[in-house]
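Residue-level structural notes
The primary structure of each chain is shown beneath.
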Amino acid sequence: KNISYFFYIMYVLFFGLFFANLKGYIPAYLFKENPWFSNEGYVLSMGLSAVFLCLFTISFLNIKKNNNVVTKLFKYIIGAFLLGSILGLHKSTLYYSNLLINLAAPLSLILICFCLTSKVKSGYRPAKYFLIAFTFHLLSLLIFSLLMPGIIPSTPFTRNIVVIGSAIEMILLSMGLADRYNFQQ
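This text gives an overview of the structure that appears in the document. (Residues numbered from 1 in each chain as written. Predicted model: local features only at pLDDT ≥ 70, side-chain atom pairs only at ≥ 80, totals over all residues. Heavy atoms only, no water.)

1. Focus on the nonpolar core
In terms of nonpolar packing, the biggest core is built from 45 residues, with Phe56, Leu61, Phe74, Phe81 and Phe130 touching the most fellow members. Secondary structure elements with two or more residues in this core: helix H1 (3-22), helix H3 (36-60), helix H5 (68-87), helix H6 (94-121), helix H7 (126-147) and helix H9 (161-184). If one sorts the elements of this core by residue count, H3 sits on top with 10 residues. (Core = buried A, V, L, I, M, F, W, Y, C linked by side-chain atoms within 4.5 Å. Buried < 20%, exposed > 50% of the residue type's maximum accessible area, 1.4 Å probe, protein only. Helix = DSSP H or I, 4+ residues; strand = E, 2+ residues; numbered from the N terminus.)

The structure is reproduced here in structure tokens:
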């Protein structure tokens, strides 16, 4: 009934594939004989995860109805993620794929944060769930990025922080989707 649910499920699926690959589960359990997904496929799952997060944001926050400039910015960012995902399919263009996705990622995060704060300020109740969920997700990614170079100590909590943050994010986004449904009724 609502496209937001589809975008949410696809975002969770591709983010899950990306993180499962990062943790080594994909090569260990799914593609033992074919190392492509482990070596180059992570870019595809990362890029598509970002595409569906942007599409979910547009749909969930009803951005098309309110702001054509922001919608156009999202379209350019989504295009960059899609192009980066396609370039990531071949080893010879993997560098450009990573470059494009790594440039688009911070822009998308800034745009999502801008949209979230403006929707919360305007009184759109479901945006509060999204804002809290997104904050947990970003904090878990920040902690994980500090763990990798050894800035913070490696503990079972810090090694699994992205899983914990994603679980909290999924619960809160599910609650936000339910609240949005109730809000529209």
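Anyway, onward from the coordinates.
2. Focus on the packing of H3 against H7
At a closest axis distance of 11 Å, the pairing of H3 and H7 adopts a crossing angle of 155 degrees. Comparing the axis directions of H3 and H7 gives the class roughly antiparallel. Considering only the axes of H3 and H7, their crossing is left-handed. Together, Leu53, Phe56, Thr57 and Phe60 of H3 and Pro126, Ala127, Phe130 and Phe134 of H7 make up the contact between the two elements. Counted by class, the contact of H3 with H7 contains 7 nonpolar, 1 polar and no charged residues. (Axes fitted to C-alpha atoms, helices over the stretch in contact; angles between N-to-C directions. Parallel < 35°, antiparallel > 145°, perpendicular 65-115°, else oblique. Left-handed = near helix turned anticlockwise from the far one by under 90°. Contact = heavy atoms within 4.5 Å. Nonpolar A, V, L, I, M, F, W, Y, C, P; charged D, E, K, R; others polar.)

3. Details of H3
Helix length check: H3 (25 residues) gives 34 Å between terminal C-alpha atoms against 36 Å at 1.5 Å per residue, within 8%. Judged by how many residues are buried, H3 sits mostly within the fold: 18 of 25 residues are covered. Two residues or fewer after H3 comes Asn62, characterised by a positive phi angle close to 55 degrees. (Expected span 1.5 Å × (residues − 1).)

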